[in-house]
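Descriptive structure summary
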Amino acid sequence: MIHEPLDESRPGTTPAARADDVTRASSATPTASTSRAASAERNAVGSDDGPAPESSPAGLPDAATPDAAAPARHGIDDPALTGSIETVDANKHTLAENVMGVVTGVFLASFGLFLLKTSGAVSGGTAGLALLTSYATGWTFGVLFVLVNVPFFALAVWKKGWPFTLRTVLTVVMLSAFSYLHPLMFDIDGINPIYGTLAGNLLVGVGLLILFRHGASLGGINILALVLQERAGLRAGYVQMGFDVVIVLTSLTVVSPWIVLLSALGAVVLNLVLAMNHKAGRYVGHT
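Computed from a prediction, not measured in an experiment: that's the story for all the values here.

Helix and strand counts for the chain come out as 11 helices and zero strands. When its helices and strands are written in sequence order, the chain yields α-α-α-α-α-α-α-α-α-α-α. Buried positions account for 34% of the 287 residues belonging to the chain. For the chain, restricting intrachain contacts to residue pairs at least 6 apart in sequence, the fraction spanning at least 24 positions comes to 71%. Per element, the accessible surface of the chain, about 17500 Å² overall, is 65% carbon and sulfur.

This is the structure:
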């Protein structure tokens, strides 16, 4: 190979000149590694506007990142206390509660009537009317109680609907059945008429209160009293008391005035139980 002779007269051809050219070129054009290092340093130190925003987790857009400021979801509140869950009605009686309530109410009322009949006293409502008729005719109370209630079932269908009516028919039949059961279970030769009359009416009142709160009644005047309370705002207990006074006064034709006086006092006890405890809007449970 033939080498040309070095012409040192041209600028930049000497070794020292070429070295100076390389130095100037390297200082004017930064390498890629130098640029990456500078960028990393700026990210680490931060700019005047603050640190660079962090990137979202891998594979997730920014909108999908958790919001730290969002409030945590806690457990569902008790609907019985807050009523905030519309799909759950905590005040509605279950089927088991209704069955137990009706059986308990009928049992208490029937046992109260058993004490009244054993004492020779009368009461108000259709039960008192059936007792009064049984004293006068000798017919059994169970049969008369069903017969006296038949006309009021039509009122129940008209004003209260079929569910209420069917429950009422069931309670009337159950009470009639209990009226035959109690004498078989209790052999009572005698009972103090004051105790029997007052305790009997108290039990009947509590039994009626339970039945009312579970959408049932003992039929008859109870139905009329409930209808008047809902339609006219009259207290069911006071309405029943007015009818009871008439029935008890009518019993003067069958029993002694002393028993009538006791029966009237017992009717007051029964209706005070209803008037003081069965007020519209006080009890939130429903069937």
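This part is about helix α4 (residues 95-119). Compared with the 36 Å implied by 1.5 Å per residue over 25 residues, the 36 Å span of α4 between its first and last C-alpha is a close match. Of the residues one or two after α4, G120 is the one with positive phi, at around 75°.

Going through the model one piece at a time under the given rule, you end up with one cavity of 30 Å³ or more. Size it by volume and the largest cavity reaches roughly 100 Å³. Around the largest cavity, the lining is made up of 14 residues, and of these G124, G125, A127, L208 and Q240 lie nearest the centre. Of all the secondary-structure elements, those providing two or more residues to the lining of the largest cavity are α5 (125-137), α8 (193-213) and α10 (236-250).

All right, on to the layout of surface pockets then. One number sums up the size of the second largest pocket: a volume of about 260 Å³. As for the second largest pocket, its lining consists of 14 residues, and the residues nearest its centre are F114, K117, F141, S179 and P183. Elements represented by at least two residues in the lining of the second largest pocket include exactly α4, α6 (141-160) and α7 (162-185). Per-class residue counts for the lining of the second largest pocket are seven nonpolar, six polar and one charged.

Glancing now at the confidence of the model for the chain. For the chain, mean pLDDT is 74; residues scoring 70 or higher make up 65% of the total. Taken together, the stretch residues 44-53 has pLDDT below 50 and engages in zero contacts with residues farther than four places along the chain or on a different chain. Here residues 55-88 is a poorly scored stretch, pLDDT under 50, and it has 12 contacts once near neighbours within four places are set aside; other chains count.

Criteria and thresholds
Residues numbered from 1 in each chain as written. Predicted model: local features only at pLDDT ≥ 70, side-chain atom pairs only at ≥ 80, totals over all residues. Heavy atoms only, no water. Helix = DSSP H or I, 4+ residues; strand = E, 2+ residues; numbered from the N terminus. Buried < 20%, exposed > 50% of the residue type's maximum accessible area, 1.4 Å probe, protein only. Contact = heavy atoms within 4.5 Å. Areas by Shrake-Rupley, 256 points an atom, 1.4 Å probe, with all protein chains shown as cover. Expected span 1.5 Å × (residues − 1). 1 Å grid on protein atoms, 1.4 Å probe; cavity = no way out; pocket = protein on both sides within 12 Å on 5 of 7 lines; lining within 4 Å. Points joined across faces, edges and corners; volume = space filled by probe spheres on them. Nonpolar A, V, L, I, M, F, W, Y, C, P; charged D, E, K, R; others polar. pLDDT = per-residue confidence, 0-100.

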